[in-house]
Amino acid sequence: MEQMMRLLHYCGLPEEDVDFVNSDGKTMNKILMEANPRMTLFTGSSRIAEKLAVDLNGRVKLEDAGFDWKILGPDVGEADYVAWVCDQDAYACSGQKCSAQSILFMHENWAATPLLSKLKELAERRKLEDLTVGPVLTVTTEAMLDHVNKLLKIPGAKLLFGGKPLENHSIPSIYGAVKPTAVYVPLDEILKHGNYELVTKEIFGPFQVVTEYKKSQLSMVLEALERMHAHLTAAVVSNDPLFLQEVIGQSVNGTTYAGLRARTTGAPQNHWFGPAGDPRGAGIGTPEAIKLVWSCHREIIYDIGPVPQQWEIPPST
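These figures come from a predicted structure and were not determined experimentally. (Residues numbered from 1 in each chain as written. Predicted model: local features only at pLDDT ≥ 70, side-chain atom pairs only at ≥ 80, totals over all residues. Heavy atoms only, no water.)

### Overview of the pairing of strand 4 (residues 101–107)
Phase 1 of the analysis: Counting buried residues along strand 4, seven of its seven residues qualify, which places the element largely inside the surrounding structure.
Phase 2 of the analysis: Strand direction decides the pairing type here: strand 3 (residues 68–72) and strand 4, joined by five bridges, are parallel. Its bridge partner being in strand 4, lysine 70 is matched across the sheet by leucine 104.
Phase 3 of the analysis: With helix 4 (residues 79–91) bridging strand 3 and its parallel neighbour strand 4, the resulting β-α-β unit is right-handed.
Phase 4 of the analysis: Across five bridges, strand 4 lies against strand 7 (residues 207–213) in parallel orientation. (Buried < 20%, exposed > 50% of the residue type's maximum accessible area, 1.4 Å probe, protein only. Helix = DSSP H or I, 4+ residues; strand = E, 2+ residues; numbered from the N terminus. Pairing = 2+ DSSP bridges. Right-handed = clockwise from strand over helix to strand, strands pointing away.)

### Concerning the environment of isoleucine 31
Phase 1 of the analysis: Residue placement: isoleucine 31 occurs in helix 2 (residues 25–35).
Phase 2 of the analysis: In this structure isoleucine 31 comes out as partly exposed when scored by relative accessible area, which is 37%.
Phase 3 of the analysis: Sequence-wise, isoleucine 31 and aspartate 240 are 209 residues apart; in three dimensions their C-alpha atoms are separated by 51 Å.

### Points about the nonpolar core
Phase 1 of the analysis: Among the nonpolar cores identified, the biggest contains 36 residues, and Trp69, Ile71, Ile103 and Phe105 are the most heavily contacted of them.
Phase 2 of the analysis: Counting residues per element, this core draws most heavily on helix 10 (residues 218–227), at five residues.
Phase 3 of the analysis: Not counting the four nearest positions on each side in its chain, tryptophan 69 is found in contact with Ile103, Phe105, Leu225, Met228, Thr233, Ala234, Ala235, Val236, Val247, Ser251, Asn253 and Thr264. (Core = buried A, V, L, I, M, F, W, Y, C linked by side-chain atoms within 4.5 Å. Contact = heavy atoms within 4.5 Å.)

### Section: the packing of aromatic side chains
Phase 1 of the analysis: Counting across every chain of the model gives two aromatic pairs.
Phase 2 of the analysis: On the numbers, 5.8 Å between centres and 50 degrees between planes, the contact of tyrosine 81 with tryptophan 84 is tilted. Highlighted residues: tyrosine 81 and tryptophan 84, both in helix 4, separated by three residues, approximately one helical turn.
Phase 3 of the analysis: Of the residues examined, tryptophan 84 reaches a relative accessible area of 37% and is grouped as partly exposed.
Phase 4 of the analysis: Taken together, a centroid distance of 6.2 Å and an interplanar angle of 70 degrees make the contact between tyrosine 91 and phenylalanine 161 edge-to-face. Of the two residues, tyrosine 91 sits in helix 4 while phenylalanine 161 sits in strand 5 (residues 158–161), which places them 70 residues apart along the sequence. Here the two residues tyrosine 91 and phenylalanine 161 agree in accessibility, since each one is buried.
Phase 5 of the analysis: Taking NZ or CZ as reference, lysine 158 lies 5.3 Å from the ring centre of tyrosine 184, over its face.
Phase 6 of the analysis: The aromatic ring of tyrosine 196 is capped on one face by arginine 227, whose charged end is 4.1 Å from the ring centroid. (Phe/Tyr/Trp six-rings, centres within 6.5 Å; stacked < 30°, edge-to-face > 60°. Lys NZ or Arg CZ within 6 Å of the ring centre and 35° of its normal.)

### Digging into the sheet that holds strand 4
Phase 1 of the analysis: Pairing in this open sheet of seven strands is mixed, and the strands run 5-6-7-4-3-8-9 from one edge to the other. Looking along the sheet, the strands with just one partner apiece sit at the ends: strand 5 and strand 9 (255–258). When strand polarity is set aside, the average angle formed by the axes of neighbouring strands in this sheet is 20 degrees.
Phase 2 of the analysis: The sheet contacts of helix 6 (residues 115–124) involve strand 3, strand 4, strand 5 and strand 7, and relative to strand 5 the element is tilted by about 60 degrees. (Axes fitted to C-alpha atoms, helices over the stretch in contact; angles between N-to-C directions.)

### Comments concerning the environment of valine 183
Phase 1 of the analysis: Inspection of the secondary structure assignment puts valine 183 in strand 6 (residues 181–184).
Phase 2 of the analysis: The spacing of valine 183 and glutamate 226 is 43 residues in sequence and 22 Å in space, taken between C-alpha atoms.
Phase 3 of the analysis: Filtering out sequence-adjacent residues up to four positions away, valine 183 remains in contact with Val148, Leu151, Leu152, Lys158, Leu159, Phe207, Gln208, Val209 and Val210.

### Remarks on the side chain of aspartate 68
Phase 1 of the analysis: Looking at the secondary structure, you find aspartate 68 in strand 3.
Phase 2 of the analysis: As a buried residue without a salt bridge, aspartate 68 has its nearest oppositely charged side chain in lysine 97, at a separation of 9.0 Å.
Phase 3 of the analysis: Within the structure, the side chain of aspartate 68 is placed 3.0 Å from the backbone nitrogen of threonine 233, a separation counted as a polar contact.
Phase 4 of the analysis: Once residues lying within four places of it in the same chain are set aside, the contact partners of aspartate 68 are Cys98, Ser99, Ala100, Gln101, Ser102, Ile103, Leu232 and Thr233. (Lys, Arg positive; Asp, Glu negative; His and termini not counted. Salt bridge = Lys/Arg side-chain N within 4 Å of Asp/Glu carboxyl O. Polar contact = N/O pair within 3.5 Å; in protein donor to acceptor, adjacent residues only side chain to side chain.)

Scope: geometric values only; no functional claims are made or implied.
Structural data, given as C-alpha coordinates:
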(Lines give C-alpha, C1' and ligand atoms only; values in the text may rest on other atoms or scores of the structure.)
Protein backbone atom coordinates (compact mmCIF):
# COMPACT_ATOMS: atom_id res chain seq x y z
CA MET A 1 0.00 0.00 0.00
CA GLU A 2 2.87 2.36 0.76
CA GLN A 3 4.35 1.72 -2.68
CA MET A 4 0.94 2.40 -4.22
CA MET A 5 0.88 5.75 -2.43
CA ARG A 6 4.33 6.57 -3.78
CA LEU A 7 3.17 5.68 -7.29
CA LEU A 8 0.18 8.02 -6.89
CA HIS A 9 2.51 10.81 -5.73
CA TYR A 10 4.72 10.17 -8.77
CA CYS A 11 1.61 10.44 -10.97
CA GLY A 12 0.68 13.81 -9.49
CA LEU A 13 -1.38 13.19 -6.35
CA PRO A 14 -0.68 16.09 -3.94
CA GLU A 15 1.19 14.63 -0.97
CA GLU A 16 -1.04 16.46 1.51
CA ASP A 17 -4.22 14.82 0.14
CA VAL A 18 -3.84 11.40 1.81
CA ASP A 19 -2.45 10.32 5.17
CA PHE A 20 -1.37 6.68 5.21
CA VAL A 21 -1.24 5.37 8.78
CA ASN A 22 0.24 1.91 9.36
CA SER A 23 -0.80 0.80 12.84
CA ASP A 24 -2.62 -1.76 14.91
CA GLY A 25 -6.36 -1.53 15.49
CA LYS A 26 -6.23 0.03 18.96
CA THR A 27 -3.99 2.84 17.77
CA MET A 28 -6.22 3.60 14.78
CA ASN A 29 -9.29 3.55 17.03
CA LYS A 30 -7.66 6.18 19.27
CA ILE A 31 -6.81 8.33 16.24
CA LEU A 32 -10.41 8.15 15.03
CA MET A 33 -11.81 9.01 18.47
CA GLU A 34 -9.57 12.06 18.80
CA ALA A 35 -9.92 13.22 15.19
CA ASN A 36 -13.74 12.88 15.29
CA PRO A 37 -14.12 12.58 11.48
CA ARG A 38 -17.41 13.45 9.79
CA MET A 39 -17.38 10.10 7.99
CA THR A 40 -15.39 6.88 8.13
CA LEU A 41 -15.53 4.05 5.62
CA PHE A 42 -14.66 0.82 7.39
CA THR A 43 -13.76 -2.46 5.71
CA GLY A 44 -13.26 -5.34 8.13
CA SER A 45 -14.97 -7.57 10.65
CA SER A 46 -18.56 -7.15 11.85
CA ARG A 47 -17.39 -7.05 15.47
CA ILE A 48 -15.20 -4.00 14.91
CA ALA A 49 -17.85 -2.46 12.65
CA GLU A 50 -20.38 -2.53 15.48
CA LYS A 51 -17.83 -1.02 17.88
CA LEU A 52 -17.05 1.82 15.48
CA ALA A 53 -20.75 2.53 14.92
CA VAL A 54 -21.02 3.27 18.66
CA ASP A 55 -17.64 5.01 19.04
CA LEU A 56 -18.30 7.34 16.09
CA ASN A 57 -21.98 7.96 16.92
CA GLY A 58 -23.14 6.43 13.67
CA ARG A 59 -20.89 8.53 11.40
CA VAL A 60 -19.60 5.44 9.64
CA LYS A 61 -20.29 3.39 6.52
CA LEU A 62 -19.56 -0.32 6.71
CA GLU A 63 -18.24 -2.77 4.16
CA ASP A 64 -17.87 -5.51 6.72
CA ALA A 65 -17.99 -9.29 6.89
CA GLY A 66 -20.01 -11.47 4.60
CA PHE A 67 -21.27 -15.00 5.11
CA ASP A 68 -21.88 -15.30 1.40
CA TRP A 69 -24.16 -17.87 -0.15
CA LYS A 70 -24.52 -19.54 -3.51
CA ILE A 71 -27.65 -21.34 -4.70
CA LEU A 72 -27.51 -23.83 -7.54
CA GLY A 73 -30.92 -23.78 -9.22
CA PRO A 74 -32.92 -26.63 -10.77
CA ASP A 75 -31.43 -26.31 -14.27
CA VAL A 76 -28.20 -28.28 -14.51
CA GLY A 77 -25.61 -27.32 -17.10
CA GLU A 78 -21.93 -26.57 -17.70
CA ALA A 79 -21.00 -28.69 -14.69
CA ASP A 80 -17.23 -28.28 -15.13
CA TYR A 81 -17.52 -24.51 -15.31
CA VAL A 82 -19.87 -24.28 -12.32
CA ALA A 83 -17.54 -26.51 -10.27
CA TRP A 84 -14.52 -24.38 -11.20
CA VAL A 85 -16.28 -21.16 -10.19
CA CYS A 86 -17.33 -22.73 -6.88
CA ASP A 87 -13.71 -23.72 -6.22
CA GLN A 88 -12.45 -20.22 -7.05
CA ASP A 89 -15.13 -18.55 -4.95
CA ALA A 90 -14.47 -20.69 -1.88
CA TYR A 91 -10.72 -21.29 -2.00
CA ALA A 92 -8.83 -18.71 -4.06
CA CYS A 93 -6.72 -16.50 -1.77
CA SER A 94 -7.23 -19.36 0.71
CA GLY A 95 -10.77 -18.10 1.24
CA GLN A 96 -9.55 -14.77 2.65
CA LYS A 97 -12.08 -12.60 0.84
CA CYS A 98 -15.14 -10.91 2.33
CA SER A 99 -16.95 -12.16 -0.79
CA ALA A 100 -15.82 -15.79 -0.47
CA GLN A 101 -18.42 -18.52 -0.93
CA SER A 102 -19.28 -19.57 2.62
CA ILE A 103 -22.21 -21.89 1.97
CA LEU A 104 -23.43 -23.76 -1.11
CA PHE A 105 -27.09 -24.74 -1.49
CA MET A 106 -27.37 -27.47 -4.14
CA HIS A 107 -30.68 -28.28 -5.79
CA GLU A 108 -31.37 -32.03 -5.78
CA ASN A 109 -30.81 -32.06 -9.55
CA TRP A 110 -27.22 -30.91 -9.00
CA ALA A 111 -26.75 -33.39 -6.17
CA ALA A 112 -27.43 -36.17 -8.67
CA THR A 113 -24.46 -35.06 -10.81
CA PRO A 114 -20.70 -35.55 -10.15
CA LEU A 115 -20.48 -31.95 -8.90
CA LEU A 116 -19.19 -32.82 -5.42
CA SER A 117 -16.53 -35.14 -6.79
CA LYS A 118 -15.45 -32.39 -9.18
CA LEU A 119 -15.25 -29.92 -6.27
CA LYS A 120 -13.13 -32.41 -4.31
CA GLU A 121 -10.82 -32.93 -7.28
CA LEU A 122 -10.35 -29.20 -7.82
CA ALA A 123 -9.77 -28.52 -4.11
CA GLU A 124 -7.19 -31.30 -3.81
CA ARG A 125 -5.06 -29.97 -6.67
CA ARG A 126 -4.39 -26.78 -4.68
CA LYS A 127 -0.95 -26.81 -3.05
CA LEU A 128 1.51 -24.60 -1.21
CA GLU A 129 4.15 -24.90 -3.91
CA ASP A 130 2.21 -22.66 -6.29
CA LEU A 131 0.36 -20.75 -3.51
CA THR A 132 -3.06 -21.91 -4.70
CA VAL A 133 -3.49 -22.59 -1.00
CA GLY A 134 -1.50 -20.77 1.66
CA PRO A 135 -1.37 -19.29 5.14
CA VAL A 136 -4.49 -17.85 6.75
CA LEU A 137 -3.72 -14.62 8.55
CA THR A 138 -6.56 -14.28 11.06
CA VAL A 139 -7.68 -17.83 11.97
CA THR A 140 -5.34 -20.47 13.38
CA THR A 141 -5.20 -24.07 12.20
CA GLU A 142 -6.51 -25.20 15.58
CA ALA A 143 -9.50 -22.82 15.42
CA MET A 144 -10.49 -23.93 11.91
CA LEU A 145 -10.25 -27.62 12.69
CA ASP A 146 -12.15 -27.09 15.94
CA HIS A 147 -14.95 -25.47 13.93
CA VAL A 148 -14.98 -28.45 11.55
CA ASN A 149 -15.24 -30.88 14.46
CA LYS A 150 -18.14 -28.95 15.99
CA LEU A 151 -20.02 -29.05 12.69
CA LEU A 152 -19.42 -32.79 12.34
CA LYS A 153 -21.29 -33.35 15.62
CA ILE A 154 -24.51 -32.13 13.97
CA PRO A 155 -26.70 -35.14 13.03
CA GLY A 156 -26.22 -36.04 9.38
CA ALA A 157 -23.14 -33.86 8.90
CA LYS A 158 -20.13 -35.31 7.09
CA LEU A 159 -16.72 -34.22 5.89
CA LEU A 160 -16.68 -33.96 2.09
CA PHE A 161 -12.96 -33.23 1.77
CA GLY A 162 -10.10 -31.50 3.54
CA GLY A 163 -10.35 -31.13 7.27
CA LYS A 164 -6.62 -31.70 7.78
CA PRO A 165 -3.62 -29.41 8.35
CA LEU A 166 -1.28 -28.62 5.49
CA GLU A 167 1.91 -30.68 5.60
CA ASN A 168 5.60 -30.00 5.07
CA HIS A 169 5.55 -26.25 5.66
CA SER A 170 7.12 -23.63 7.91
CA ILE A 171 4.03 -21.45 8.47
CA PRO A 172 4.12 -20.13 12.08
CA SER A 173 1.43 -21.50 14.37
CA ILE A 174 -0.11 -18.05 14.89
CA TYR A 175 -1.45 -18.40 11.34
CA GLY A 176 -3.73 -21.01 9.81
CA ALA A 177 -2.61 -23.76 7.45
CA VAL A 178 -5.35 -26.19 6.44
CA LYS A 179 -6.33 -28.00 3.28
CA PRO A 180 -9.38 -26.62 1.42
CA THR A 181 -12.30 -28.00 3.37
CA ALA A 182 -16.02 -28.60 2.86
CA VAL A 183 -18.52 -29.97 5.39
CA TYR A 184 -21.99 -31.20 4.41
CA VAL A 185 -24.80 -30.31 6.84
CA PRO A 186 -28.46 -31.29 6.20
CA LEU A 187 -30.72 -28.30 5.51
CA ASP A 188 -33.25 -29.08 8.24
CA GLU A 189 -30.41 -29.29 10.78
CA ILE A 190 -28.97 -25.94 9.64
CA LEU A 191 -32.21 -24.15 10.51
CA LYS A 192 -32.36 -25.47 14.07
CA HIS A 193 -31.64 -22.99 16.84
CA GLY A 194 -28.07 -23.42 18.04
CA ASN A 195 -26.99 -25.13 14.84
CA TYR A 196 -27.75 -22.09 12.71
CA GLU A 197 -25.39 -19.80 14.58
CA LEU A 198 -22.60 -22.38 14.31
CA VAL A 199 -23.14 -23.16 10.62
CA THR A 200 -23.25 -19.48 9.62
CA LYS A 201 -20.14 -18.47 11.54
CA GLU A 202 -17.78 -16.90 9.01
CA ILE A 203 -14.41 -18.64 8.81
CA PHE A 204 -11.98 -16.34 6.98
CA GLY A 205 -10.10 -19.22 5.43
CA PRO A 206 -10.41 -22.10 2.91
CA PHE A 207 -13.68 -23.48 4.27
CA GLN A 208 -17.30 -23.82 3.18
CA VAL A 209 -20.52 -25.54 4.20
CA VAL A 210 -22.46 -27.53 1.59
CA THR A 211 -26.11 -28.58 1.76
CA GLU A 212 -28.85 -29.93 -0.51
CA TYR A 213 -32.47 -28.90 -1.00
CA LYS A 214 -35.50 -30.25 -2.83
CA LYS A 215 -37.88 -28.14 -4.90
CA SER A 216 -40.36 -28.17 -2.01
CA GLN A 217 -37.65 -26.89 0.38
CA LEU A 218 -36.84 -23.62 -1.39
CA SER A 219 -38.76 -21.73 1.29
CA MET A 220 -36.40 -23.23 3.89
CA VAL A 221 -33.40 -22.02 1.88
CA LEU A 222 -34.89 -18.52 1.69
CA GLU A 223 -35.47 -18.58 5.45
CA ALA A 224 -31.80 -19.45 5.96
CA LEU A 225 -30.78 -16.50 3.79
CA GLU A 226 -33.06 -14.06 5.58
CA ARG A 227 -31.69 -14.98 9.01
CA MET A 228 -28.11 -14.16 8.04
CA HIS A 229 -26.86 -10.83 9.38
CA ALA A 230 -24.17 -9.91 6.81
CA HIS A 231 -25.77 -9.54 3.38
CA LEU A 232 -22.76 -8.83 1.19
CA THR A 233 -22.42 -10.99 -1.94
CA ALA A 234 -24.47 -13.86 -3.29
CA ALA A 235 -24.87 -15.99 -6.39
CA VAL A 236 -27.94 -17.61 -7.94
CA VAL A 237 -26.62 -20.12 -10.46
CA SER A 238 -29.51 -20.60 -12.85
CA ASN A 239 -30.78 -19.46 -16.22
CA ASP A 240 -34.40 -20.13 -15.19
CA PRO A 241 -35.97 -16.65 -15.05
CA LEU A 242 -38.78 -17.68 -12.71
CA PHE A 243 -36.34 -19.25 -10.25
CA LEU A 244 -34.08 -16.20 -10.43
CA GLN A 245 -37.05 -13.92 -9.87
CA GLU A 246 -38.19 -15.83 -6.80
CA VAL A 247 -34.78 -15.98 -5.10
CA ILE A 248 -33.60 -12.46 -5.96
CA GLY A 249 -36.98 -11.02 -5.00
CA GLN A 250 -36.81 -12.61 -1.55
CA SER A 251 -33.17 -11.90 -0.67
CA VAL A 252 -31.33 -8.67 0.11
CA ASN A 253 -27.62 -9.12 -0.62
CA GLY A 254 -26.02 -5.94 -1.89
CA THR A 255 -24.06 -7.53 -4.74
CA THR A 256 -25.86 -10.52 -6.23
CA TYR A 257 -24.69 -12.38 -9.32
CA ALA A 258 -27.37 -14.20 -11.32
CA GLY A 259 -27.19 -16.68 -14.18
CA LEU A 260 -25.45 -19.95 -14.91
CA ARG A 261 -22.05 -18.24 -14.68
CA ALA A 262 -22.84 -16.48 -11.39
CA ARG A 263 -20.09 -16.18 -8.79
CA THR A 264 -19.62 -14.53 -5.40
CA THR A 265 -16.10 -13.17 -5.89
CA GLY A 266 -14.01 -11.43 -8.52
CA ALA A 267 -16.06 -8.25 -8.78
CA PRO A 268 -14.94 -6.16 -11.76
CA GLN A 269 -14.20 -2.52 -11.05
CA ASN A 270 -17.15 -1.14 -12.97
CA HIS A 271 -20.00 -2.23 -10.72
CA TRP A 272 -21.23 -1.62 -7.20
CA PHE A 273 -19.76 -3.74 -4.43
CA GLY A 274 -21.15 -3.58 -0.92
CA PRO A 275 -23.67 -4.99 1.57
CA ALA A 276 -27.38 -4.25 1.77
CA GLY A 277 -30.12 -4.56 4.35
CA ASP A 278 -28.50 -2.04 6.70
CA PRO A 279 -28.55 1.78 6.31
CA ARG A 280 -24.88 1.81 7.38
CA GLY A 281 -23.92 -0.31 4.37
CA ALA A 282 -21.17 1.19 2.22
CA GLY A 283 -20.57 0.84 -1.47
CA ILE A 284 -17.30 0.85 -3.38
CA GLY A 285 -16.43 0.74 -7.05
CA THR A 286 -18.80 3.20 -8.75
CA PRO A 287 -19.53 6.95 -8.78
CA GLU A 288 -22.82 6.19 -7.03
CA ALA A 289 -20.95 4.34 -4.28
CA ILE A 290 -18.53 7.22 -3.79
CA LYS A 291 -21.39 9.71 -3.52
CA LEU A 292 -23.27 7.51 -1.05
CA VAL A 293 -20.31 7.26 1.33
CA TRP A 294 -18.53 10.56 0.96
CA SER A 295 -21.32 13.00 0.25
CA CYS A 296 -24.88 13.80 1.24
CA HIS A 297 -27.76 15.80 -0.15
CA ARG A 298 -27.53 19.54 0.46
CA GLU A 299 -30.12 22.10 -0.60
CA ILE A 300 -29.32 25.78 -1.31
CA ILE A 301 -32.37 28.01 -1.81
CA TYR A 302 -31.54 31.42 -3.31
CA ASP A 303 -34.02 34.22 -2.67
CA ILE A 304 -32.22 37.44 -3.51
CA GLY A 305 -35.15 39.53 -4.68
CA PRO A 306 -35.91 42.10 -5.74
CA VAL A 307 -38.46 43.08 -3.11
CA PRO A 308 -41.43 44.70 -4.93
CA GLN A 309 -41.43 48.50 -4.94
CA GLN A 310 -43.73 50.14 -2.41
CA TRP A 311 -43.88 46.85 -0.48
CA GLU A 312 -45.48 47.19 2.93
CA ILE A 313 -45.52 44.89 5.94
CA PRO A 314 -48.65 42.75 5.63
CA PRO A 315 -51.00 41.83 8.47
CA SER A 316 -49.90 39.06 10.79
CA THR A 317 -50.88 35.53 9.75
